[in-house]
Amino acid sequence: MLNKKNFINLLIIINIIFFSLSLKAEIINSVTINGNNRVSDETILIYGKIKNNTDITDKELNKIITNLNSTNFFKEIDVEVKNNKLIVNLIEYPLVNQIIINGEKNNKIKKELLKNLQLKEKQSFIKSYLSSDIEILKNLYSSLGYNFVEIDTKVNRLDAFNYDLLINIQRGKKTKISSIKFTGDKKIRDKRLMDITASEEDKFWKFISRNTNFSQNLVNLDIRLMMNYYKSIGYYDVDIVSNSAELNDKNNVDLVYTINAGTRYTIDKITTTVDPTFDNKLFFPLKKSYDKLIGEYYSPFEIKKILDDIDELIDKNNLQFVEHNVEESVGSNSISINFNIYEGEKNLVERINILGNNITNESVIRGEILLDEGDPFTNINLDRSLANLKSRNIFKSVKSDVSKGSANNLKIIDIKVEEKPTGEIAAGAGVGTNGGSFEFTISENNWLGEGKKLDFNLASDSESLSGTISYSDPNYNFLGNSINYYVTSKENDKPDSGYENTIVAAGIGTAFEQYKNIYTDLGLSASYDDLRTLDTASANLKKQSGNFSDLTGQYGIKYDTRNRSFRPTEGSIIYFNQSLPIYADKQSISNSLSLSKYKTLTENAILGSKFLISTITGVGDDDVRLSKRKNLSTRRLRGFEKNKIGPVDGTDHIGGNYTAAANLELSLPKLLPSTSNADIGLFLDAGNVWGVDYDSSIDDSNKIRSSFGAALNWSSPIGPLSFIMSQNLSKANTDKTESFNFNVGTTF
């Protein structure tokens, strides 16, 4: 007699048997396909992965439906098995014969619109795509400033299998940004926020800039930039409470951002929790980085640097399947940080698929991915790969999707990119005490879809006119090194230095990160200099006229620990550069060493100290060519006219063989009211230009020049204005000084 337990076991066995019978496969002897007109039977068999004389289950039938559905060829799919025959019944989507866009005259924009549509000519007409395509078009026009575009579509049925799609567009007028305002407890001056945001107020001279056009994409970028900045200086819980765009009477937008900066947090404690699987002594070197950060203001960028240090230790010790994360505990005005380092799942990468790259070569994308087929899979390396792709600045978005592979320990990675326009046009102009200047640049950041950059630059000021074409590959041969080629021509007219010349040059260079924060650059250049001295020049100076050819090699080493490259508040940068002659009509060796260090004293005071020394000396009996002699820029030594210090030959300031400068700068960003849109700084400069090698009778002018003063930067309605008021402390008799300097500049 069956007891209760045995009876239950019997029921389970019976259920298993019936379930197994229900999954029993049928052998397919033949395949019949119905309803296909433009898609051949062979294509359907390939895409559906259908094979004769094979066993097939309900699960396999579902896979066939899924495979065929993914082709977007078929509106309806029905699959069944009868008498060992697989019957596939299909209804095809009609075909888009052509897409006609009316109302858009710009062929470049038309091409961009067609490229972004989901519906394509000679592909399936899927009705559900039509509404989303309209939204895509509206977003594209919005990014160009046309926020009230009207789009109407019409489908012309040519026959049962072919449709024409007509898109009628009335784009209307561009919506410009009339004003940008910041309200709330923002704690940061409006001028600084204007520097951070990408949006620009519309001015009559900004006829090139696209950032004066209002678009939601631009607003989202502004918010992201401001959030990153606030968090980088300790405002951990900053909130852009709201943003509003109100139409004014000119149908343009007044943009308002309401900001709640919140509390500024410091880091009070940093710890590490290491999985027992690993030797925690391997991570002891992190303590040095921790000690530097404790007591400093919180910054996600500093946390990112520590994560990079952890990754470096993982690579150095050849640890596999390691993951890490960060836990942040927020107190009243401080944050405690714990780094968790643990062993992840032991998965391998089976396949990496690249999706969405219509222009960019797949090799460019794969060159930035740190994972490869067969590598251990970790989220760390996947995240770093996505960051590398985003940093190339050729994609609008970069996303990933990880799915299970053909085995439990295998992963398939889909990298999905959305491309964006990569061509740029920029122009800028300025006028000031030292004369006027103009610059125009055209660049393409993804030349021929190869991820390479092509630039053309034209620049002019009171003394020179130059044009440069450069071509660079930021990841040459997928080695992580950049390589750059350039051709340039520059014409100088320097009556105060006694000469004019034309230089034509070409060169090649490479740059790479040698070690952490240590960067190396190498270069080779060839130049031809047509040097002409003026009639007013001295007899010795006139002897330097002539044509000169050079072949020069150069190298540089940089150590950079700044917290950011634009307006840093902490850290330092040291750079050494040397140029050596390989062949030259007049041989010379040039050296330069520069040091800049930044320190935040208080929220209202940032101290910067800078040092520069530069030399050029002739080789053997050769004197340094007049056009190669050294001068100090007006940024290094304020209170003196441009190129009007140092040795003098007759009435011409000829520059020196040696220059040196030291600067102390105190930035006071909150000294003036926020409504002034201005900030002020104090400075103390000292410098020297000395040495003459071609005539021992000329005084080498070896004397320290110095000055102190104040600098005012104002974001005026006509563009950024800078004023420098200075007082000389020491100078040479031949130097020409200026107690006031101003400059106004703007971009178009």
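Let me sum up the structure you'll find in this document.

Analysis parameters
Residues numbered from 1 in each chain as written. Predicted model: local features only at pLDDT ≥ 70, side-chain atom pairs only at ≥ 80, totals over all residues. Heavy atoms only, no water. Helix = DSSP H or I, 4+ residues; strand = E, 2+ residues; numbered from the N terminus. Buried < 20%, exposed > 50% of the residue type's maximum accessible area, 1.4 Å probe, protein only. Pairing = 2+ DSSP bridges. Axes fitted to C-alpha atoms, helices over the stretch in contact; angles between N-to-C directions. Contact = heavy atoms within 4.5 Å. Parallel < 35°, antiparallel > 145°, perpendicular 65-115°, else oblique. Left-handed = near helix turned anticlockwise from the far one by under 90°. Nonpolar A, V, L, I, M, F, W, Y, C, P; charged D, E, K, R; others polar. Patch = residues over 30% accessible without salt bridge, like charges linked within 9 Å, V, L, I, M, F, W, Y side chains within 5 Å. Areas by Shrake-Rupley, 256 points an atom, 1.4 Å probe, with all protein chains shown as cover. Salt bridge = Lys/Arg side-chain N within 4 Å of Asp/Glu carboxyl O.

**Focus on unusual backbone geometry**
Not every positive phi belongs to a glycine, and asparagine 83 is a case in point at roughly 50°. Note on placement: asparagine 83 falls in the loop between strand E4 (74-82) and strand E5 (85-92). Phi is positive for asparagine 393, close to 60°, though the residue is something other than glycine. Positionally, asparagine 393 belongs in the loop between helix H11 (379-391) and strand E16 (395-404). The class for asparagine 393 is partly exposed, based on a relative accessible area of 36%.

**Observations concerning the sheet that holds strand E11 (residues 253-260)**
Strand pairing in a sheet takes place through backbone hydrogen bonds and is either antiparallel or parallel in direction. What the 3 strands build is an open sheet, ordered E9-E11-E10; its pairing is mixed. The open sheet has two edge strands, strand E9 (177-183) and strand E10 (239-247), and neither has a second partner. Ignoring strand direction, the axes of neighbouring strands in this sheet form an average angle of 15°. Packing against the sheet, helix H7 (residues 216-232) makes contact with E9, E10 and E11, and its axis sits at approximately 30° to E11.

**Examining the packing of helix H4 (residues 107-116) against helix H5 (residues 127-143)**
Relative to each other, H4 and H5 sit at 140°, their axes nearing to 10 Å. Put simply, H4 runs oblique to H5. Relative to H5, H4 is oriented so that their crossing is right-handed. Touching Ile109, Glu112, Leu113 and Asn116 of H4 are Ile136, Leu137, Leu140 and Tyr141, all from H5. Its residues placed into classes, the contact of H4 with H5 shows 6 nonpolar, 1 polar and 1 charged.

**With respect to a nonpolar patch on the surface**
Residues Tyr476, Leu479, Tyr485, Ile508, Leu524, Leu551, Ile582 and Tyr583 make up a contiguous nonpolar surface patch of roughly 750 Å² in combined accessible area. Relative to the helices and strands, isoleucine 582 resides in strand E26 (residues 571-584).

**What to know about the pairing of E4**
One ladder, built from 8 bridges, connects E4 with E5; its direction is antiparallel. Directly across from valine 79, in E5, lies its bridge partner valine 88. Turn length for the E4-E5 hairpin, with the two strands adjacent in sequence and antiparallel, is 2 residues, and the turn residue asparagine 83 shows positive phi of about 50°.

**A closer look at the pattern of salt bridges**
Applying the stated criterion to the full structure yields 32 salt bridges. Residue lysine 287 pairs with aspartate 291 through a salt bridge whose shortest N-O separation is 3.0 Å. Taken together, the positions of lysine 287 and aspartate 291, both in helix H8 (residues 286-293) and 4 residues apart, correspond to about one turn of that helix. Take aspartate 291: its relative accessible area is 44%, and that puts it in the partly exposed class. Counted as one network, the salt bridges with shared partners bring together Asp529, Asp550, Arg625 and Lys628.

That's the geometry; what it means functionally is another story.
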